[in-house]
Structures are given as structure tokens and as C-alpha cells.
Amino acid sequence: MSLRINDIAPNFTAQTTQGTIDFHQWIGDQWAVLFSHPKDFTPVCTTELGYMARIEPEFTRRNVKLIGLSVDPVESHGRWLGDIEETQGAKVNYPIIADSDLTVSKLYNMLPAEEVAADGRTAMTNQTVRSVFIVGPDKKIKLMLTYPMTTGRNFDEILRVLDSMQMTAKYRVATPANWKPGDEVIIAGSVSDEEAKKLFPEGWKAPKPYLRLVKQPGS
């Protein structure tokens, strides 16, 4: 069954570089970013894991936990982490799931169910295991992205999306194209003009009746 936005993120128990975890228990009452990799010791993924290590404090500040995944055993992850720290100048402090039996990759529809774990799998074999999932404190999937092997992921964009989702979960607004924190936001279509007058007493701009722009709440 395909996963969709607002589906409950499938729970699992897995070995990681920081011991065995139950995914839902590990998330607790926080947000989580799960990002996957098709193989250890792959160049693009090495840069991605290192960059996430450098900006992890930005996620922590937003009450977000990071967890990686790669289709190799824990022992291999340990050796790879040394390379990442050496080449990227940052130590990975978040856990990395050892998905050598492909359980999580298949559970999250990153690989066909009939795929089997076996030695000799290459990064190309697992090329669809390059996804990002954002999971909310309610354990529901809030975002899904899958990237090709040759394109490094933009994790600054993941931070931007988190800022948008956390803000719009608190206030009855949406964010326009290319929104950044502090920019104007859109009053949600579910809010009537009468309600909007109470929620946004300073008023709003409306180039069209359905497009009501207002200062970002809380800014």
C-alpha cells in the first residue's frame, strides 16, 4: 500500500548506530526527519550526512530529531561515520538505521516488497532509497521527497518546510511560494472574512477575494 501525506508513519524496530529503537517511541512528542541512503561509502550521501551533522542544532532548536538510514549493517555504518567526520569536518551524533534486510525500505515503499536482502547489492540496485520523510509528533507523515542519486538533497529547504508546517499548525494560515520566516502569509481558505477580522484585527491585503495576505503571526 502506498504511503500518503497524513498517513500514520509505519512503526518499526531496528538496529541503529545508537542501539535498538522503536521508531514511534524514539520520536516521542517531537518531530522527526528520516532520510535514507542506498549504500554506505557513497559520495553524495557522505556529503549529506556531514551537512546534517553540521546543522543538527537548527533541527534541535525546532524540536526535531534526525535519523538516517542506509542499506548496510551497523558495523559498516561505524566505519563510514569515520570517513564522514574526516572529509566533512562534522561528527554525526544522530542515529543511523542499519536496514540490511530492507525491512524499513520496503515498509516505506522505497523498494518493492519482493526485493530481498543479499550481499552484492549496489547503490544503483537501491537507488530509490534516497527519500526524506518528515513525521509529526502525532506520528503522521507530513512530507515525502525522493531524490535521484546524482542530486544532493537541500536540507536548508527541509528547515524552511519545517518552519512553515510548525507555524501553520499553530495559526490558521498557509505559506506562499518561496516563503521564508518573516514573510507575509496567506489566511487559510477555511477562515471566513468574519473570522479573519477577529484573528487578524490589523487587517490584510486581498488582490483577490481568495488571496488574503497578512503579516506572519507571532513575528
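Everything numeric in this text was worked out from a predicted model, so none of it was measured.

Q: Honestly, the packing of aromatic side chains in this entry has me stumped. Any pointers?
A: A full pass over the atoms with the stated rule returns seven aromatic pairs. Relative to Phe23, the ring of Phe12 has its centre 4.7 Å away and its plane inclined at 15 degrees; by these criteria the two rings are stacked. Separated by eleven residues along the polypeptide, Phe12 in the segment before strand 1 (13–16) and Phe23 in helix 1 (residues 23–27) bring together distant segments of the chain. Per residue, the accessibility class of Phe12 equals that of Phe23, and both read buried. Grouping aromatic residues by their ring pairs yields a cluster made of Phe12, Phe23, Trp26, Tyr108 and Phe133. For the cation-ring pair, Lys65 lies above Trp26, with the distance from its terminal atom to the ring centre recorded as 4.4 Å.

Q: Teacher, can you tell me more about the pairing of strand 2 (residues 19–22) here?
A: Side-chain direction in a regular strand flips from residue to residue, so the side chains alternate between the two faces of the sheet. Inspection of the sheet shows strand 1 paired to strand 2 by four bridges, in the antiparallel sense. Opposite Ala14, over in strand 2, you have Ile21 as the bridge partner. In this antiparallel pair of consecutive strands, strand 1 and strand 2, the connection spans two residues.

Q: What is the right way to look at the sheet that holds strand 11 (residues 211–214) in this model?
A: Read from one edge of the open sheet, four strands run 8-9-11-10, paired in antiparallel fashion. Two strands lie at the open edges of the sheet, namely strand 8 (173–174) and strand 10 (205–208), each paired on one side alone. Relative to strand 9 (residues 185–187), strand 8 runs antiparallel, the two being bridged by two bridges. The residue of strand 9 that forms the bridge with Val173 is Ile187.

Q: Would you mind showing me how to read the pattern of salt bridges here?
A: Between side chains of opposite charge, a pair can form when the charged atoms approach closely. What the rule picks out here adds up to 13 salt bridges. Note that Glu48 and Arg153 form a salt bridge whose closest N and O atoms lie 2.8 Å from each other. Residue Glu48 is found in helix 2 (residues 43–61), and its partner Arg153 is found in the loop between strand 7 (141–146) and helix 5 (155–170); the two are separated by 105 residues along the sequence. Of the two residues examined, Glu48 and Arg153, each falls in the buried class. Measuring nitrogen to oxygen at the nearest pair gives 2.7 Å for the salt bridge that ties Arg160 to Glu157. Of the two residues, Arg160 and Glu157 both sit in helix 5, three residues apart, roughly one turn of that helix. Put simply, Glu58, Arg61, Arg62 and Asp163 are held in one network by salt bridges that share partners.

Q: For this particular structure, what's the right way to read unusual backbone geometry?
A: Across the chain, the bulk of peptide bonds are trans and the bulk of non-glycine residues have phi less than zero. With phi around 65 degrees, Asn63 is a residue other than glycine that occupies positive phi space. Considering the arrangement of structural elements, one finds Asn63 in the loop between helix 2 and strand 4 (64–70).

Scoring rules and cut-offs
- Residues numbered from 1 in each chain as written.
- Predicted model: local features only at pLDDT ≥ 70, side-chain atom pairs only at ≥ 80, totals over all residues.
- Heavy atoms only, no water.
- Phe/Tyr/Trp six-rings, centres within 6.5 Å; stacked < 30°, edge-to-face > 60°.
- Helix = DSSP H or I, 4+ residues; strand = E, 2+ residues; numbered from the N terminus.
- Buried < 20%, exposed > 50% of the residue type's maximum accessible area, 1.4 Å probe, protein only.
- Lys NZ or Arg CZ within 6 Å of the ring centre and 35° of its normal.
- Pairing = 2+ DSSP bridges.
- Salt bridge = Lys/Arg side-chain N within 4 Å of Asp/Glu carboxyl O.

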